[in-house]
Number of protein chains: 4
Amino acid sequence: MKILLTGFDPFGGDKVNPAYEAVKLLPKNIAGADIVTIEIPTVYQKSGEAVEKGIRQFQPDVVICIGQAGGRSGITVEMVAVNIADFRIADNEGNQPLNQSILEDGENAYFATVPVKAMVENIKKHGIPARISYTAGTFVCNDVLYELLYMISKKYPKIKGGFIHVPFAPEQVLERPDGTASMPVETSAKALEHAIEAVVREESK
Amino acid sequence: MKILLTGFDPFGGDKVNPAYEAVKLLPKNIAGADIVTIEIPTVYQKSGEAVEKGIRQFQPDVVICIGQAGGRSGITVEMVAVNIADFRIADNEGNQPLNQSILEDGENAYFATVPVKAMVENIKKHGIPARISYTAGTFVCNDVLYELLYMISKKYPKIKGGFIHVPFAPEQVLERPDGTASMPVETSAKALEHAIEAVVREESK
Amino acid sequence: MKILLTGFDPFGGDKVNPAYEAVKLLPKNIAGADIVTIEIPTVYQKSGEAVEKGIRQFQPDVVICIGQAGGRSGITVEMVAVNIADFRIADNEGNQPLNQSILEDGENAYFATVPVKAMVENIKKHGIPARISYTAGTFVCNDVLYELLYMISKKYPKIKGGFIHVPFAPEQVLERPDGTASMPVETSAKALEHAIEAVVREESK
Amino acid sequence: MKILLTGFDPFGGDKVNPAYEAVKLLPKNIAGADIVTIEIPTVYQKSGEAVEKGIRQFQPDVVICIGQAGGRSGITVEMVAVNIADFRIADNEGNQPLNQSILEDGENAYFATVPVKAMVENIKKHGIPARISYTAGTFVCNDVLYELLYMISKKYPKIKGGFIHVPFAPEQVLERPDGTASMPVETSAKALEHAIEAVVREESK
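Calculation notes
- Residues numbered from 1 in each chain as written.
- Chains lettered and ligands numbered in written order.
- Predicted model: local features only at pLDDT ≥ 70, side-chain atom pairs only at ≥ 80, totals over all residues.
- Heavy atoms only, no water.
- UniProt positions renumbered as here; feature names shortened; annotations may be inferred.
- Helix = DSSP H or I, 4+ residues; strand = E, 2+ residues; numbered from the N terminus.
- Contact = heavy atoms within 4.5 Å.
- Buried < 20%, exposed > 50% of the residue type's maximum accessible area, 1.4 Å probe, protein only.
- Salt bridge = Lys/Arg side-chain N within 4 Å of Asp/Glu carboxyl O.

Glancing now at the UniProt feature "active site" (unreviewed entry) in chain A. Residues and elements named next belong to chain A. If you check UniProt for "active site" (unreviewed entry), the listed places come out as E78, C141 and H165 in our numbering. For this annotated set, covering 88 residues, all C-alpha atoms fall within 10.0 Å of each other, a compact arrangement in space. Along the polypeptide, C141 turns up in helix α4 (residues 140-154). Setting aside its immediate chain neighbours within four residues, C141 contacts F8, G67, Q68, A136, F163 and H165. By the element assignment, H165 lies in strand β9 (residues 160-166). Under the relative-accessibility criterion, H165 is labelled buried at 3%. Excluding residues that lie within four positions of it along the chain, H165 makes contacts with G67, Q68, A69, R72, G74, I75, T76, E78, A136 and C141.

Our focus in this paragraph is the pattern of salt bridges. On inspection of all chains with the given rule, the structure shows 44 salt bridges over all chains. Notably, a salt bridge pairs D86 of chain A with K117 of chain C, separated by 2.9 Å at the nearest N-O pair. Placement of the pair is D86 of chain A in the loop between β6 (80-82) and β7 (109-111) and K117 of chain C in helix α3 (residues 116-125), with the two residues belonging to separate chains. Using a relative accessible area of 12% as the deciding quantity, one classes D86 of chain A as buried. One salt bridge in this structure joins R72 of chain B and E78 of chain B, with 2.8 Å as the shortest N-O distance. The pair formed by R72 of chain B and E78 of chain B is uniform in burial state, with each residue classed as buried. Taken together, the salt bridges that share partners define one network made up of E52, R56 and K155 of chain A.

In C-alpha cells:
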C-alpha cells in the first residue's frame, strides 16, 4: 500500500505550518505502507492541482491532506467537504473567493472515503485528543479536500481520500490571546502515524 | 545552588498528575543547580508539612511546587497565594474546607519570591506558551504555595519560593469535553527546565 | 409572505429549549410577513414529519427551524445540512442512529435557501453576535434541516428553507462548567426577528 | 442603608463600558436601600480618588465598584485585591505601571468585605450565571478595589467594600474573535440588582 500525504506551506502571517512540519517528521513506512509526502501551496485551486500532480507521480492507494486548524485543541479528522469557497483572508496568491462554488459540476458535498471513525479511535487509543469534524471550513483546507474527493469520484475511483487538521504549534500561540490551544508538532506527527495505522488496518481487511 | 521541586499525587479521579510526571522527567542538574524532587500528597495542610520536611532534609536555596491546572492551555507561573481555603471537591483524605483561613496568623496573601516574569519569558523564548497567573485557586495548590511562602517569611528567609501550574496531560482530556486544553508531559517538563534556568540566572546575579 | 418557524421541545435533561422559548416571544407579524409557529419533537425523522405537517397546514413561503446549540456564544445561521445521522446522545424517544444516512436517495448535502449572509449581517447590525455556521452537527438539528431541504428540493420548490441555532439560555448554564456561554431568550428572540427581517427584505426584491 | 455604586468610563478602544451602562439602569432604591451612582475614570489611582470623593459626598454604608471583564461569560464577584499594578495596556491618561506596588504601606492583599458568596448565590438563584473570582487582574479594576479596601481598613472601618465584574456587552464582541462571550447590559443590571439585594439582606441581619 502506498499513501500520499500532503502538507500546506505557511499562510496568514505565520512562519511555519504545523501540518507540513508534522508530515516531515513521519517515517517512510507506517504499518507496512509506503509513505510519500509533498508540500502544496496554500492557494485556491492550485492546491488541488498539486495534489493531482502528486497522484499522477506516485500512484498512491490513499491520499490524506493535512492542514492547520488554528484554535482547535485536538486532532480533527474531517468527514465532509462542501462546494463552497468563502475566504475570510486572502490565500498566498491574494485570491479571496466569497461565497462561490468550487466546481460547478460537483456535488454539494463529498464525504471522506478513509475510515474516519477508526482513525479517531486509534489516535485516542494512543493518548492524543482527537475527534471527528463535520466542517473543514471554507478556506483552502476545505477546497483541497473537496477537489480531492471530486477527482476521486470522477477519475480515480480506487483511491481513498481524507483530510486531517492539526492544531497550532506552541510557538505560534505565544503572541496570540491567552488560552489559544496548541499541540507540539511531534505530538501531531504521532497522531498522524496512528491515524495512518488505522487506515492501513481497515483497508487491508 | 540547590532547588527542591515538589509534585502532587493524582486527585479528583485522574490516574496521573502531570505535575509530578513532569518533575520526574527533569535532569538532576539544570544550569549548574542541583535538582531534588519529592512527591507530596494532595491533602490540605499535609502538603505543606511534606514541603517543610523536604526543606529540612535537602536544605534547598529555592523551592518550587508544581501542580496541575486543569483547563489552562499553557504554563502558568503563580504570583500570589491567598489565605483562603475553599475546596470545590474533597482532597485525597476527604477534607473540604469552605471559605476559611489557612493560617490564622498569616498575611492575607504572599507573593512568590522567585523571579516570575523572567521564568515566563524564558519559557516563551523556548517556544512554549506561558503567562503569569494571579490566582492559584483556592484548593491544595494555593494552600501549599501559601504555606511555603508563610514558612519562608517566618523561618527560612533565605529560601526563594514559587509555584508553577502545568496543563492536563493529553490522555486526561480524552473523555473530557471537546476543546479541553492539554500539553504533553514532555513539553511541560521542558517548560519547567526553562523556568528553572531563569531562576538560576536571576539568583546568581 | 408567510413564514413558518419551528422550535424543538427540551432534550438531554434540560427543562427548557431556548429555541422554542425564543420562537414563542416573536410577534405575529415581522416586516409585513405573517409568522406562524409550531413546536416539533426532538426525535429522529419525526421532527421532519412534523415540519411537513406544518407546511401542509400553513402553506408557508419560508420555513425556518430553530434549535439550541449548547456551547456556542452567538447566533449561528446554518448554511449546510449533511446526509449523516450520528447521535452522541439518544433523542427523546430513545433513538440513537450512528453514522448512517438520513435519506437513501438524498444528496450528500443541501444548502440553505434562505439568504444566510444577509440574515447574519442584519442580526449583527442590531448589536447581537452572529455568524454563519457550516455544520449543524449530526443530531436532530441537522436531521430536520436536511429533511426540510430534501422535501423542498423534491416537492416544494417554491419554499425557502433554513435553520438558526441559538445559545443556551442563562439558566441552563448555572450548573455547567464555568465559562459555558449563554444568551437570554429575549435577546435570541430579537436576533430571530432581525434574521426574519432580512429574509423578508431579500425575498421581496 | 445607602449604597454607592461606581462604574468606569470606556477604555481600550471601546465606545461603551458595560459596567457603567448597567449601573445607569439600576433603580434608585433596591430592597429598601438607597442607591447612588458615580462614573469614575479608568485611570490609575485617580479612580481611587474618585471613589473617596464619592464616599465623602454620599456617606454610604456600602461601596461596590463595577467593572468590565472582557472575555468572562458570567458575572464575577471579586474576593481579593492585590497590591500589584501591572498594566497590559495604558489607562485613559497613558499610565502603564509595570509590576509595581499600588500603595507602599498597604497589605499584600485585602479581601472584599461584602458578602461575596451570598451575592453570587442570589444572582444564580435568579437564573443568571455568576461565580466568585479570586483575581480582579492587575489593571485599574484591581487598583480601585485595592484602594477602596485600603481606605476602608485605614479610615472608614464601618463601610463594606466590594467589586463586581460584568462581561462585554454584545455589541462589543461583533468584531472580536468568534466565541468571545458577552451579556446584554440589561441582564448585567439585573444581576447587579440581585447582588445588592443579598448585600442588604446580609447586612441587615
